[in-house]
Amino acid sequence: MTGLIEIFTDAIKYPFKDIKALVIFGVLFIFLELSNILTSFGIQINSTVLFILGIIQFIASLLIFGYFLSILKGCIEGYDEFPELDFKNNFIDGIKYLITSIVYFIIP
């Protein structure tokens, strides 16, 4: 049972090892939900602003997916620390993730 408790405590402590990355991705997650936040406050959004928000949300999601892939790669290789924040590589990895997801869902 102590092994399970240790796994949960490590999972809770892991995001707080790099506060800078946590704050940056917190802001990116806010951008992902910005259109929902604005409409929940009753702010009407015209189609141009909605299109621009959609592009920002798409880019933010690619960055997040790319960074998640970097985290998974580091965990598989046995690293215990966060990978570096490299927006260019994270964006490219996010595109790879998107293409892989599309191919994966076409096959079934």
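Details of the structure are given in the entry above.
Since we're looking at a predicted model, the values are computed, not measured.

A. Looking closely at the side chain of glutamine 57. The topology assignment puts glutamine 57 in helix H4 (residues 47-76). A polar atom in the side chain of glutamine 57 sits 3.0 Å from the backbone oxygen of leucine 32.

B. Region of the structure containing the packing of aromatic side chains. Throughout the structure, instances matching the rule amount to 3 aromatic pairs. Judged by centre distance (4.6 Å) and plane angle (25 degrees), the rings of phenylalanine 25 and tyrosine 67 are stacked. Of this pair, phenylalanine 25 sits in helix H2 (residues 19-32) while tyrosine 67 sits in helix H4; the two residues are 42 residues apart in sequence, bridging distant segments of the chain. For phenylalanine 25, a relative accessible area of 9% puts it in the buried group. Given the relative accessible area of 2%, tyrosine 67 is considered buried.

C. Quick look at the pattern of salt bridges. Going through the model one piece at a time under the given rule, you end up with 1 salt bridge. Between aspartate 93 and lysine 96 there is a salt bridge whose closest N-O contact spans 3.8 Å. Highlighted residues: aspartate 93 and lysine 96, both in helix H5 (residues 87-106), separated by 3 residues, approximately one helical turn.

D. The nonpolar core, seen in detail. Core analysis: the largest hydrophobic core is formed by 10 residues, namely Tyr14, Ala21, Phe25, Leu28, Ala60, Leu63, Ile64, Tyr67, Ile71 and Phe82. For this core, the secondary structure elements donating two or more residues are H2 and H4. Element by element, the count of residues in this core is highest for H4, at 5 residues. With near-sequence residues (within four places) excluded, leucine 28 lies in contact with Ala60, Leu63 and Ile64.

E. Layout of H4. With 30 residues, H4 should reach 44 Å at 1.5 Å per residue; the first-to-last C-alpha distance of 43 Å fits that figure. Restricting attention to buried positions, one finds in H4 the residues Leu53, Gln57, Ala60, Ser61, Leu62, Leu63, Ile64, Gly66, Tyr67, Ser70, Ile71 and Gly74. Where H4 is buried, its residues contact H2, helix H3 (34-40) and H5. Looking one or two places after H4, you find glycine 78, whose phi comes out positive at around 95 degrees.

F. Broad picture of the packing of H2 against H4. Relative to each other, H2 and H4 sit at 145 degrees, their axes nearing to 9 Å. Considering how the two elements wind past one another, H2 and H4 form a crossing that is left-handed. Two secondary-structure elements touch here, H2 through Ala21, Phe25, Leu28, Phe29, Phe31 and Leu32 and H4 through Ile56, Gln57, Ala60, Ser61, Leu63, Ile64, Tyr67 and Phe68. Along the lines of polarity and charge, the residues of the contact of H2 with H4 split into 12 nonpolar, 2 polar and no charged.

What counts, and at which threshold
Residues numbered from 1 in each chain as written. Predicted model: local features only at pLDDT ≥ 70, side-chain atom pairs only at ≥ 80, totals over all residues. Heavy atoms only, no water. Helix = DSSP H or I, 4+ residues; strand = E, 2+ residues; numbered from the N terminus. Polar contact = N/O pair within 3.5 Å; in protein donor to acceptor, adjacent residues only side chain to side chain. Phe/Tyr/Trp six-rings, centres within 6.5 Å; stacked < 30°, edge-to-face > 60°. Buried < 20%, exposed > 50% of the residue type's maximum accessible area, 1.4 Å probe, protein only. Salt bridge = Lys/Arg side-chain N within 4 Å of Asp/Glu carboxyl O. Core = buried A, V, L, I, M, F, W, Y, C linked by side-chain atoms within 4.5 Å. Contact = heavy atoms within 4.5 Å. Expected span 1.5 Å × (residues − 1). Axes fitted to C-alpha atoms, helices over the stretch in contact; angles between N-to-C directions. Left-handed = near helix turned anticlockwise from the far one by under 90°. Nonpolar A, V, L, I, M, F, W, Y, C, P; charged D, E, K, R; others polar.

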